[in-house]
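Each chain, written out:
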Amino acid sequence: PNDAFIGNDSRGNSCVTMSWKASLSRHLPVIRFFACPESPSSRGVLNWYQKNYHELKALNPTMQLLMRGSENCFPAVTTELDFTTDDLLKFMIQTGKFQDENGTKSEARIEAA
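Conventions used here
Residues numbered from 1 in each chain as written. Predicted model: local features only at pLDDT ≥ 70, side-chain atom pairs only at ≥ 80, totals over all residues. Heavy atoms only, no water. Phe/Tyr/Trp six-rings, centres within 6.5 Å; stacked < 30°, edge-to-face > 60°. Helix = DSSP H or I, 4+ residues; strand = E, 2+ residues; numbered from the N terminus. Polar contact = N/O pair within 3.5 Å; in protein donor to acceptor, adjacent residues only side chain to side chain. Salt bridge = Lys/Arg side-chain N within 4 Å of Asp/Glu carboxyl O. Buried < 20%, exposed > 50% of the residue type's maximum accessible area, 1.4 Å probe, protein only.

Participant: Residue-level account of the packing of aromatic side chains, with values.
Facilitator: For any pair of aromatic rings, geometry is given as the distance between the ring centres together with the angle between the planes. Across all of its chains, the model carries 4 aromatic pairs by this definition. Counting every residue linked through ring pairs, the aromatic cluster contains W20, F33, W48, Y49 and Y53.

This is how it looks when you write it as structure tokens:
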């Protein structure tokens, strides 16, 4: 399977774009698909899974791609992320989520978290 697209950008310049599908297993341990085989609302998830499963598996042979089908199941796609509370706090500090009303970093809010 070829995981690169070779074509032209909007200006006519040649370009190579790597497929996001080829890098999934570097970032995610598993992808779970949930769908009800009888429900029209699940058709999108079922169709996408059936259309893309073989390509995804070929590009990410060690990643689990799991389909869970059940009656009256709400269609969804989930994964597992290995974030700790410290990772979340670092992200919130870096993106300015702990600020006082005047826009400065709030040491009191960071300490409370």
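Still more ground to cover, so stick around.
Participant: I'd like a rundown of the side chain of S23, residues and numbers included.
Facilitator: Looking at where S23 falls in the secondary structure, it is placed in the loop between β2 (14-18) and α1 (24-27). At 3.2 Å, the side chain of S23 and the backbone oxygen of W20 are in polar contact.

Participant: So what's going on with the pattern of salt bridges? Residues and values would help.
Facilitator: Under the definition given, this model contains 2 salt bridges. The salt bridge involving E55 is made with K21; its shortest N-O contact spans 3.1 Å. Here K21 lies in the loop between β2 and α1 and E55 lies in helix α2 (residues 43-59), a separation of 34 residues in the sequence. With relative accessibility at 13%, the residue K21 sits in the buried group. E80 is paired through a salt bridge with R32; the nearest N and O atoms lie 2.8 Å apart. In this pair, E80 sits in the loop between β5 (76-79) and α3 (85-94) while R32 sits in strand β3 (residues 30-35), placing the two residues 48 residues apart along the sequence. On the basis of relative accessible area, E80 is assigned to the partly exposed category, the value being 39%.

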